[in-house]
Amino acid sequence: MKNAILIASLVILPVNTLLAASYTVDPGHTYVSFAINHLGFSTMRGKFDKQSGSLEYDHASKKASVTIEIDATSIDTGHDKRDQHLISPDFLNAVEHPTITFKSTAADWNGVNLVSVTGNLTILGVSKPVTLQVNSIKCGEHPFSKKQVCGFDATGSIKRNDFGVNYGLPAIGEVLDLQIELEASMN
Amino acid sequence: MEQLLDRPEFQSAVIPFFLAMLLYSGLKKITASAWIWALFAAFLVSASLINGFTVTPLTGTRKIILLVLASLILAGLAPYLIQQVKMQRAAAPILTLLALLWVFGKVVARMEITAIVLFLAGGVGLVLWLLWTFDRIAHDDSRFHGAGFSLLLGTGLSATAAASALLGQLALSLAAASGGVLLAWVLRGKATGPGRVSASIGTLPYVLSAALIGLAAVIFARLPWYALIPLAAIPLATSLVPVKSDARFFNALFNSLPGLIIALAVSVWVWQAESSNSSGY
């Protein structure tokens, strides 16, 4: 019997290490924000208030993947009229394309740590590869829920006209800086 | 020069106005469809400056640009392609309804059944009404272009106030082009309206552009749907003006006046309603 358990453990152990743990994005502690140049004078910042997603992460087996879905209508720049303009056909066209998605296709490890995630960002129905630099990761047990939780901080840049968001160019900046702060709980 | 081309007032007012006026003046002796080709060139240039010369991704707005250009080509070729008035009268609403489905079908399909019924009833009603009212004035240049100019001006200003400068600029560029044609006609033109033969198809550029941009501003931005009702009354109001002067200037002025008053009143109303929703932007 002992031998059977030992053999079973030896078989299962490597399989477990190959399977990354699944996490669900905590929308209450996830912030997708952006910054863009405004007429050359200043930087306008905003965020999205509704997002969801999932990720697979396992440090030991060096596996990581992430999917994030952002509700385009939830854009918030702290100014209602500007937000209405941003979801209009001039920019995000949120009625026709209500969801912005990022689906990772590859993860880059520097031997020890995850340094970047490359994936397809879809805006206005146009998918383009984008690389997000991972600035920090922390995984551990949540002090209150006792669940396993991971937090990521990633940044990247896109050219909005690559996605067909051309309105206001070049007066309103072409390059959009993205910052994603994400917290996810293990399923 | 490049900086000027980036400015909205040049993209959707100055350039289409002067381009349409010059082209109409140059083409009017060659073809009775001079106004159509003048509008086509002006809108093509304006839309390229406003939107960039691209059709991808093929959003509703870009579909509208393509459809307006297609309607102008069709209106220009209709006298040669479809010579029977009955055929034109049947083709115009069918083509317009197909255009509505192409632009809004995907979005409307996601709506609740009540919203779908309201859209179909309202959208189809608007299109048929505009076709009928424009058809009634198609033989009269000053009324026809005066109504087209006023309707697109009102649609453009209202769409801009309702948070879509892109849709607004597209309508305003057509209004400016139409204004350029009207002014050229007043100054030294000759009768060049679409005429009886091409009446139905000839009205498509104004009907299709106003209906599509107006409905897009309601569905994709936040123009109140009831703002389209007074705007839709513009061609009818233009047809009711009793003035028929020998002087083209007075004809154009008096025939455009009711439509202009309605267009500006609706625009101011939408602007004020939007301004009261939030602080300045």
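Described below are features of the structure shown in this document. Keep in mind it's a predicted model, so treat the numbers as computed, not measured.

Calculation criteria
Residues numbered from 1 in each chain as written. Chains lettered and ligands numbered in written order. Predicted model: local features only at pLDDT ≥ 70, side-chain atom pairs only at ≥ 80, totals over all residues. Helix = DSSP H or I, 4+ residues; strand = E, 2+ residues; numbered from the N terminus. Buried ≥ 20, exposed ≤ 12 C-beta atoms within 10 Å, placed from the backbone. Contact = placed C-beta atoms within 7 Å. Rg over C-alpha atoms; globule rule 2.2 N^0.38 Å. Core = buried A, V, L, I, M, F, W, Y, C linked by C-beta atoms within 7 Å. Nonpolar A, V, L, I, M, F, W, Y, C, P; charged D, E, K, R; others polar. Axes fitted to C-alpha atoms, helices over the stretch in contact; angles between N-to-C directions. Parallel < 35°, antiparallel > 145°, perpendicular 65-115°, else oblique. Left-handed = near helix turned anticlockwise from the far one by under 90°.

## Quick word on the overall build of chain A
Along the backbone of chain A there are two helices and 11 strands. When the elements of chain A are put in sequence order from the N terminus, they spell out α-β-β-β-β-β-β-α-β-β-β-β-β. Expressed as a percentage of the 187 residues in chain A, the buried residues total 28%. Sequence separation of 24 or more characterises 52% of the internal contacts of chain A that already satisfy a separation of 6 or more.

## As for the overall build of chain B
Each helix and strand counted, chain B has 13 helices and zero strands in total. The C-alpha radius of gyration computed for chain B amounts to 18 Å, which stays within 12% of the reference 19 Å derived for 281 residues, consistent with globular compactness. Counting only C-alpha atoms, chain B reaches 50 × 45 × 40 Å along its principal axes. Within chain B, buried positions represent 54% of all 281 residues. Restricting to contacts in chain B with at least 6 residues of sequence separation, those with at least 24 account for 82%.

## Some thoughts on the nonpolar core
Residues and elements named next belong to chain B. Formed by 129 residues in total, the largest nonpolar core has its most connected members in Ala 20, Ala 38, Leu 39 and Val 181. Broken down by element, this core gets its largest block of residues, 15 residues, from helix H8 (residues 165-188). Discounting residues that sit within four places of it in the chain, Val 181 has contacts with Ala 20, Met 21, Tyr 24, Trp 35, Ala 38, Leu 39 and His 145.

## Here's the deal with the interface of chain A and chain B
Listed as interface residues are 19 residues of chain A and, on the opposing side, 22 residues of chain B. When residues in the side of chain A that touches chain B are grouped by element, the largest group, five residues, is from helix H2 (residues 80-86) of chain A. The residue makeup of the side of chain A that touches chain B, split by class, is six nonpolar, eight polar and five charged.

## With respect to the packing of helix H5 (residues 85-109) of chain B against helix H10 (residues 204-219) of chain B
Residues and elements named next belong to chain B. Put simply, H5 and H10 touch, their axes get as near as 11 Å, and they point 20 degrees apart. With respect to H10, the axis of H5 lies roughly parallel. Helix-helix and strand crossings are classified by hand; for H5 and H10 the assignment is right-handed. Residues Ala 92, Leu 95, Thr 96, Ala 99, Val 103, Phe 104 and Val 107 of H5 lie in contact with H10, whose contacting residues are Leu 204, Val 207, Leu 208, Ala 211, Leu 212, Leu 215, Ala 216 and Ile 219. Considering only residue class, the contact of H5 with H10 consists of 14 nonpolar, one polar and no charged.

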